[in-house]
Amino acid sequence: MTPERYRRLRAVLDKRQPDLTVLMENVHKPHNFSAILRTADAVGVFEAHAVNPTGGVPTFHDTSGGSEKWVYLRVHPNIEEAIAHLKERGFIVYAANLSDRALDYREVDYTRPSAVLLGAEKWGVSARAAELADADVIIPMMGMVQSLNVSVAAAVILFEAQRQRFEAGFYDRPRLDPETYRRTLFEWAYPREAEVYRRQGLPYPELDDGGGFA
Ligand code: SAM
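Remember, it's a predicted structure, so these values are computed and weren't measured experimentally. (Residues numbered from 1 in each chain as written. Predicted model: local features only at pLDDT ≥ 70, side-chain atom pairs only at ≥ 80, totals over all residues. Heavy atoms only, no water.)

### A look at helix α5 (residues 150–167)
Here is the rule we go by: Segments assigned H or I by DSSP are reported as helices when at least four residues long, segments assigned E as strands when at least two residues long, and all are numbered from the N terminus. In a helix, the anticipated span is given by 1.5 Å times the number of residues less one. Exposure classes here rest on a 1.4 Å probe applied to the protein chains alone. A residue is buried below 20% of its type maximum, exposed above 50%, and partly exposed in between. Residue contacts are counted whenever heavy atoms from the two residues lie within 4.5 Å of one another.
For α5, built from 18 residues, the straight-helix expectation of 26 Å at 1.5 Å per residue is met to within 8% by its first-to-last C-alpha distance of 26 Å. All of the buried residues along α5 are V150, S151, A153, A154, I157, L158, E160, A161, Q164 and R165. Contacts made by the buried residues of α5 are with β1 (20–25), α2 (30–43), β4 (92–96), β6 (114–118) and β7 (135–138). Following α5 by one or two positions, G169 has its phi on the positive side, about 80°.

Have a look at this one:
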């Protein structure tokens, strides 16, 4: 671990937003899935969520740019449990959904704990998910085509969230709780060693100022 690398990991962790996330509902194409995770990383999402009834999650694609290493992914068994989990943690769930009741995505206050629900490439957000979400948001479409690619829609909404959070100073100081910060820093800096500690049920060691440990 070079000092530069350690500083870089810390600088990225300093900007992670524990209260901004995405929930991907049956986004099954690996390049879309990976592109959404890459955008999530860019805006500081700490943990992303997915539901995929066909089993597992799509394999990662080159479009991820390696972001699967930096954004934790929690896979839920079904959409009900995914949304319940987010709501229990205080998230407001916004379904990116092309419905009549949808708000313009720029009208939402994303400085509140926000989860952006994205639907399947072909079918969109399911009726059940839309029912459980707190509100629908839409990116106004002025052309001939009805919808955007799902990863493009994710980027448009997440970067609006980033803009609002930037203006509110959310990237100026670390927002992860100290224990999560410490744990994640060790996992990012020493992924192989972290796995060994986890397997043995041992706590991670403290890192010194240069990112080393005894
Ligand atoms: N026929 C589908 C429908 O009616 O929802 C289109 C699905 S679209 C290709 C895939 C996903 O991208 C949608 O479920 C939604 O989450 C997101 N999306 C695409 N365009 C959008 C827009 N203009 N506003 C909000 N979300 C959009």
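### Here we look at the side chain of R175
The criterion, for reference: Polar contact is the term for a pair of N or O atoms within 3.5 Å; when the atoms are in protein, one must be able to donate a hydrogen and the other to accept it, and sequence-neighboring residues count only if both atoms are side-chain atoms.
Among the structural elements, R175 can be located in the loop between α5 and α6 (178–189). Reaching out from R175, the side chain makes a polar contact with the side chain of Q17 at a distance of 3.1 Å.

### What to know about the sheet that holds strand β2 (residues 47–51)
Each strand in a sheet pairs with its neighbour through backbone hydrogen bonds, running either in the same direction (parallel) or in the opposite one (antiparallel). Under the convention used in this document: Any two strands with at least two DSSP-identified bridges between them are counted as paired. Simply put, an axis is a line fit to the C-alpha atoms, just over the touching stretch for a helix, and the angle between two N-to-C directions goes from 0 to 180 degrees.
Across the sheet, which stays open at both edges, the seven strands sit in the order β3-β2-β1-β6-β4-β7-β5 with parallel pairing between neighbours. Because the sheet does not close on itself, it has two edges, and the strands there are β3 (72–76) and β5 (103–104). Pairing of β4 with β7 involves three bridges; the strand directions are parallel. For Y94, the partnering residue across the bridge sits in β7 and is A135. Packed on one face of the sheet, α2 meets β1, β2, β3 and β6 and runs near 175° to β1.

### A closer look at the domain arrangement of the protein chain
The following threshold applies: An automatic or database domain assignment supplies the start and end points of every domain. Here the quantity called buried area is the total loss of accessible area, with a 1.4 Å probe, experienced by two parts when brought into contact, counted for both. Salt-bridge detection follows one rule: a side-chain nitrogen of Lys or Arg within 4 Å of a carboxyl oxygen of Asp or Glu. Side-chain classes follow a simple rule in which Ala, Val, Leu, Ile, Met, Phe, Trp, Tyr, Cys and Pro form the nonpolar group, Asp, Glu, Lys and Arg form the charged group, and the remainder, Gly included, forms the polar group.
Taken as a whole, the protein chain is organised into domain 1 (1–16 + 174–214) and domain 2 (17–167). On a C-alpha basis, the centroid separation for the pair domain 1 and domain 2 is 27 Å. Across the boundary between the two partners, domain 1 contributes ten residues, which contact twelve residues of domain 2. Summing the contributions of domain 1 and of domain 2, the shared interface buries around 960 Å²; its carbon and sulfur component is 50%. Three residues stand out in domain 1 for area buried against domain 2, namely R16, R175 and W188, and they jointly supply 64% of the buried area on that side. Our count for the contact surface shared by domain 1 and domain 2 stands at two salt bridges. The partner of R16 in a salt bridge is D41, and the shortest N-O contact between them spans 2.5 Å. Taken together, the links from domain 1 to domain 2 amount to seven residue pairs in polar contact (both at pLDDT 80 or more). Only α1 (3–13) and α6 provide two or more residues apiece to the side of domain 1 that touches domain 2. Counting residues per element, the side of domain 1 that touches domain 2 draws most heavily on α6, which supplies four residues. Looking at side-chain class alone, the side of domain 1 that touches domain 2 contains three nonpolar, two polar and five charged residues.

### Considering the nonpolar core
The line we're drawing: Take the buried residues of types Ala, Val, Leu, Ile, Met, Phe, Trp, Tyr and Cys, join any two whose side-chain atoms come within 4.5 Å, and each joined set is a nonpolar core.
Judged by nonpolar contacts, the single largest core of 30 residues is most densely connected at V22, M24, I36 and Y110. A per-element tally of this core places α5 first, with six residues. In this structure I36 touches V22, M24, V27, L118, V150, S151 and A154, once residues within four positions along its chain are discounted.

### Some remarks on the side chain of Q164
Turning to its location among the elements, Q164 is positioned in helix α5. A polar side-chain atom of Q164 sits 2.9 Å from the main-chain carbonyl oxygen of V108. Those residues within four positions of Q164 in sequence are excluded, and the remaining contacts are R106, V108, D109, Y110 and T111.

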